[in-house]
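Remarks on the overall topology
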Amino acid sequence: MPPKPKEKSKLAAAAAPAPAVAIEDLFTSLNRHIQRSEFDLAVKVSDQALGFIKLRKAYHRAYCFYRQNRLDEALETLKGQEGNFANMLLQSQILFRLGKMDACVDIFQKLQKSKIDSLEINLVAGLVSAGRASEVQGTLDSLRVKPTSSFELAYNVACSLIERNLYKDAEQLLLSSRRIGQETLVEENLADDDIELELAPIAVQLAYVQQIIGRTQEAFESYSGIIKKNLADESSLAVSISNLIALKGPKDVSDGLRKLDKLIEKGEAPLTFQLARGLDLKLSLKQREAIYVNRLLLLVHSNKLDQARELASALPGMFPNSVMPVLLQAAVHVRENKANKAEELLWQFANKYPDKSKVILLARAQVAAAAGHPQIAAESLLKIPDIQHKPATVATLVSLKERAGDIDGADAVLESAIRWWSNAMTEDNKLDVIMQEAASFKLRHGKKDEAARLYEELVKSHGSIEALVGLIQTAAHTDIEKAESYEKQLKPIPGLKGIDVESLEKTSGAKHTEKGPTAGIAEAYEPKNKEKTKKKRKRKPKYPKGFDPANPGPPPDPERWLPKRERSSYRPKRKDKRAAQIRGSQGAVVKEADSNVNPKSTQAASSKGNSQNTSTAHSKPSSKSRKKSRN
């Protein structure tokens, strides 16, 4: 998620000429009266200020609406007003914040002849945000402005290069932008922290470029440093957090959720969410969507499906022109093992919005294939006409049709692809690849004549050795003469002059080898006069000292290394069955036969045995004095 291009607001500089009483003086007086509790005077000044705002041809009124983010009211207020520079510039800023980039760019282009400072910065920002990054260089040429004339312009031009996937050029221009910005801000006597705060968007954009081109460790360190220092504006900090979470993926989910929870808060109405600290006004639509998407994915990874379902239900209303909300809703259904519901949701969206259906149908095909619904997956792919001829799509469709048992349907897919590539006028023609796979498919399903026809066409048109081998193997079942005629086109195997059929029948076949396709054949037909390999000399075994191999004695016990309990000769000790069994209630004591025993000492020993279970385990009384107690 790259930061959005910078726009440099010059509304105050383009305002209308100052009246007799400046609006700033009125607000200063209003503030002074309120602090002194002179409320009657404060009301009079307020009425005077309101009258002045109404009198000034609605410009200041629209500007107040703009600052309060009441953008529709601000735009409505400017309608019908004269098209002076101030009104047009304010209108362009309102349109930019509303996301109506084309209308915003049209106004900036009308203002090109005016002498407004930094107009090119806002114009380039509007072009990039409108998806017209390819027009940036032409616009700069017409204005005769270099990208490095200011660090803001260099930053915006770098954003246009990123939109065109020119990441290396963008990185170099961002480095130049940072250098120019440091020099400019030092000349303005800004403190170091203020300079770092001003250049934070450039640092975030550099980290994003590093992330895109695969230098993830550098990007990780850059994002972490920006977040740790906390010397960045709110929008740059939010983008850094979101990008860092995307970079880490499902790792450390709890930390990612904790950081995003600080950026997202629930609205007053049910199923509504908003970004904290006014980020809705500072971030572009794409950036805001990326933050919500990252949070929902983390909720899914952490199995917080109730919260994920709630957020997924709110996203379609927040981003109605995006396909991401419906994809996330389907992802939640899949996580809940409701693949059928996900397939139905995606199918309904694809039928309702055909112009956005491609990615939706691809997602439906993936969900259906993973859920074991090959026919639904194939149906989804067949609804995307511009990918039907591509080898990857053809292979996937054939595999899905085979899994579904629709052999004729798979055959039709291959025939359609062959017809498309036969008529295609492209340099990178894939006809031979498709025909080879089609012949293999037909041979696999018993259509030998059709397979032989395709192999023969490949041999005649492309001279493929693989097709020649396939043709010989296929024709051997249907037309032996044709197989023998094409067999003569095979090159002889190096080192093999002739084949003795009788000796070949007596052998057990070629040995398996990893050295190449002909190594096994060469070993199977080795000449007889080849020298035999030398056998290794057998060494006499070494015996223990004093051992006589002639009189070895009884063999050692094979179970000598096993524990005694696991040996077959092991017999457990018999339990003492002569001990008297205790009958009666719990706690009853059976008197000993020996009358010499002291009753008090017996009771004390019994009490001790109850309190310490292991106290009697140290002595081994005789079988006559042992008692078996029932607990």
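Note that the coordinates shown come from a computational prediction; the quantities given were computed from them, not determined experimentally.

What counts and how
Here the residue index of a chain counts from 1 through its sequence in written order. This being a predicted model, a pLDDT of at least 70 is required before a residue's local features are given, and a value of 80 or more before pairs of side-chain atoms are given or counted; all residues contribute to the totals for chains, interfaces and linings. Side-chain numbers here rest on the full set of heavy atoms in the structure, without hydrogens or water. Each helix is a run of H or I in the DSSP string that is no shorter than four residues. Each strand is a run of E no shorter than two, and both are numbered from the N terminus. For the exposure calls, accessible area comes from a 1.4 Å probe over protein chains only, and a residue counts as buried if that area is under 20% of its type's maximum, exposed if over 50%, partly exposed in between. We call two residues contacting when some pair of their heavy atoms lies within 4.5 Å. For the accessible areas, the method is Shrake-Rupley and the probe is 1.4 Å, while residue cover comes only from the protein chains on display. Under this scheme, a helix contributes an axis fitted over its contacting stretch, all axes are lines through C-alpha atoms, and angles between N-to-C directions fall in the 0 to 180 degree range. To sort the angles, those under 35 degrees are grouped as roughly parallel, those over 145 as roughly antiparallel, those from 65 to 115 as roughly perpendicular, and the leftovers as oblique. A clockwise turn of the near helix away from the far one marks a right-handed crossing, whereas an anticlockwise turn of less than a right angle marks a left-handed crossing. Residue polarity is assigned by list, with Asp, Glu, Lys and Arg as charged and Ala, Val, Leu, Ile, Met, Phe, Trp, Tyr, Cys and Pro as nonpolar; anything else, Gly included, falls into the polar class. Put simply, a nonpolar core is a bunch of buried Ala, Val, Leu, Ile, Met, Phe, Trp, Tyr and Cys residues held in one set by side-chain atoms that sit within 4.5 Å of each other. Per-residue confidence from the prediction method is given by pLDDT, with values spanning 0 to 100. Method remark: on a 1 Å grid restricted to protein atoms, a set of points is classed as a cavity if a 1.4 Å probe fits but cannot get out and as a pocket if it is open with protein on both sides within 12 Å along at least five of seven lines; lining residues have an atom within 4 Å of a point. Grid points are joined across faces, edges and corners, and a volume is the space filled by probe spheres set on the points. The definition of a polar contact used here is a pair of N or O atoms within 3.5 Å, where within protein one atom must be able to donate a hydrogen and the other to accept one, and adjacent residues in sequence count solely through side-chain atom pairs. Whether two aromatic rings pair depends on their centres lying within 6.5 Å, for rings of Phe, Tyr and Trp, where Trp uses its six-membered ring; planes under 30 degrees apart make the pair stacked, over 60 edge-to-face, and the rest tilted. Geometrically, a lysine NZ or arginine CZ counts as sitting over a ring once it is within 6 Å of the ring centre and also within 35 degrees of the ring normal. Working definition: the arc comes from the directions between the helix axis and the C-beta atoms, pointing outward to the latter.

Assigned secondary structure in the protein chain consists of 31 helices and two strands. Here the protein chain holds 631 residues, and 35% of them are scored as buried. Restricting the contact set of the protein chain to residue pairs at least 6 apart, pairs at least 24 apart contribute 52%. A total of about 41,200 Å² of accessible surface is found on the protein chain, and carbon and sulfur atoms cover 51% of it.

To continue, consider unusual backbone geometry. Despite not being glycine, serine 37 has its phi angle at roughly 65 degrees, a positive value. Tracing the backbone through its elements, the reader meets serine 37 in the loop between α1 (23–35) and α2 (39–55).

The subject of this paragraph is the packing of helix α18 (residues 305–318) against helix α19 (residues 324–335). Where α18 contacts α19, the two axes come as close as 9 Å, and the packing angle between them is 155 degrees. Considering the angle they form, α18 stands roughly antiparallel to α19. Both α18 and α19 take part in a crossing whose hand is left-handed. On α19, the residues touching Leu305, Ala308, Arg309, Ala312, Ser313, Leu315 and Pro316 of α18 are Pro325, Leu328, Gln329, Val332 and Arg335. Each residue belonging to the contact of α18 with α19 can be placed in one class, and the counts come to eight nonpolar, two polar and two charged.

The nonpolar side chains of a soluble globular protein tend to be buried with one another. Core analysis: the largest hydrophobic core is formed by 89 residues, its most contacted members being Ile94, Tyr292 and Leu296. Looking at this core, the element that brings in the most residues is helix α9 (residues 151–163), giving nine residues. Formed by 33 residues, the second largest nonpolar core is a distinct cluster that contains Leu397, Ala410, Val413 and Leu471.

Take the confidence of the model for the protein chain next. In regions of low pLDDT, the predicted coordinates are not meant to be interpreted in detail. The share of residues in the protein chain with pLDDT of 70 or more is 80%, and the mean pLDDT across the chain is 80. Least confident of the elements in the protein chain is helix α31 (residues 599–611), whose mean pLDDT is 40; most confident is α19, at 96. Predicted confidence is poor over residues 515–526, with pLDDT under 50, and the contacts of this stretch with residues over four places away or in other chains come to twelve contacts. Note that pLDDT drops below 50 for residues 590–631; the model gives that stretch 17 contacts with residues more than four away or on any other chain.

Once that is clear, we can look at empty space enclosed by the protein. If you walk through the whole model with that rule in mind, you get one cavity of 30 Å³ or more. The computed volume of the largest cavity comes to approximately 70 Å³. Elements represented by at least two residues in the lining of the largest cavity include exactly α14 (234–248) and α15 (253–261).

A few words on the environment of threonine 184. Within the secondary structure layout, threonine 184 lies in helix α10 (residues 167–187). With 34 residues separating them in the primary sequence, threonine 184 and serine 150 have C-alpha atoms 8.6 Å apart. Among the polar contacts made by the side chain of threonine 184, one reaches the main-chain carbonyl oxygen of isoleucine 180 at a distance of 2.8 Å.

Another aspect to go through is the packing of aromatic side chains. One pass over the full model with this rule turns up four aromatic pairs. Ring centres of tryptophan 420 and tryptophan 421 lie 4.9 Å apart, and the angle between their planes is 80 degrees; on these two criteria the pair is classed as edge-to-face. Among the residues examined, tryptophan 421 registers a relative accessible area of 7% and is labelled buried. Taking the ring centre of tyrosine 353 as reference, the NZ or CZ of lysine 356 above it sits at 5.4 Å.

Okay, helix α6 (residues 101–110) next. Turning to α6, its buried residues are Met101, Cys104, Val105, Ile107 and Phe108. On an axial view of α6, the arc spanned by its buried residues comes to 160 degrees, and they lie on one face.

To continue, consider the packing of α10 against helix α12 (residues 200–212). Running from amino to carboxyl end, α10 crosses α12 at an angle of 160 degrees, the nearest separation of the two axes being 10 Å. One way to sum up the angle between α10 and α12 is to call them roughly antiparallel. Read as a crossing pair, α10 and α12 show a hand that is left-handed. The segment α10 lies against α12, with Tyr167, Glu171, Leu174, Leu175, Ser177 and Arg178 engaging Ile202, Gln205, Leu206, Val209 and Ile212.

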